[in-house]
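Working through the structure, step by step
Here is how the chains run, residue by residue.
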Amino acid sequence: MVKCVLGVLVCYAFYASFPSYPFYWSIISAVLVFTPDNDQSLAFDRIKANFLGSGVGLLVYFVPVEGVFLFCLGVIITIFLGMVLWLENTIRPALAAVIIVLVQENQHKDWMVALERGGCVLVGCFVALCITLIFTKVAWAKIYYRLRRLVKR
């Protein structure tokens, strides 16, 4: 829970500092990474899945297909690559990242919107990765010092 709140706070700082960019997608991306049971390997797999999804979204964006077919193509490629990369348990965050990158609110399709969203999803993943690594180091340090005290006795 602490990691999730910390991820929201860091990403919200980006959102508040740079209001012209869609950093609210970073908040969503960071929250999707963390697990309630603090499973580090699942968190890392979710980070990989978010990278996969945003990358596929950015690549598929330039395919000359419109509307629902573009979404379906992104979903199919993401699921296929997720299975190839053994990320089956974390395909949902990858699919969310694809949709985040591909959704266009206005009628005019603008590639900068997709690029900004993909970048913001990756920033959220990077924030989650840093927080996960910090908490992993802290956990290992606690175990190390406890073992060290036991050995000295």
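Report on the accompanying structure. Small disclaimer: the values here were computed from a predicted structure and weren't measured. (Residues numbered from 1 in each chain as written. Predicted model: local features only at pLDDT ≥ 70, side-chain atom pairs only at ≥ 80, totals over all residues. Heavy atoms only, no water.)

Counting residues in each nonpolar core, the largest one holds 11 residues, listed as C11, I27, A30, V33, F34, A43, I47, C125, V127, A128 and I131. Of all the secondary structure elements, the ones that give two or more residues to this core are α2 (24-33), α3 (40-61) and α6 (111-152). Examining the composition of this core, we find that four residues originate from one element, α6, more than from any other. Setting aside residues no more than four positions away along its own chain, C125 makes contact with S29, I47, N50 and F51. (Core = buried A, V, L, I, M, F, W, Y, C linked by side-chain atoms within 4.5 Å. Buried < 20%, exposed > 50% of the residue type's maximum accessible area, 1.4 Å probe, protein only. Helix = DSSP H or I, 4+ residues; strand = E, 2+ residues; numbered from the N terminus. Contact = heavy atoms within 4.5 Å.)

Taking 1.5 Å of rise per residue, the 12 residues of helix α5 (residues 91-102) would be expected to cover 16 Å, and the 17 Å separating its terminal C-alpha atoms lies within 8% of that figure. In terms of residue burial, α5 counts as a mostly covered element, since nine of its 12 residues are buried. (Expected span 1.5 Å × (residues − 1).)

So, about helix α1 (residues 2-17). For α1, which comprises 16 residues, the first-to-last C-alpha distance of 22 Å matches the rise-based estimate of 22 Å (1.5 Å per residue) to within 8%. Here α1 has its buried residues at K3, G7 and C11. The arc that holds the buried residues of α1, viewed along the axis, is 55 degrees, so those residues lie on one side. Exposed residues on α1 whose side chains face more than 90 degrees from its buried face are V2 and L9. (Arc of directions from axis to C-beta.)

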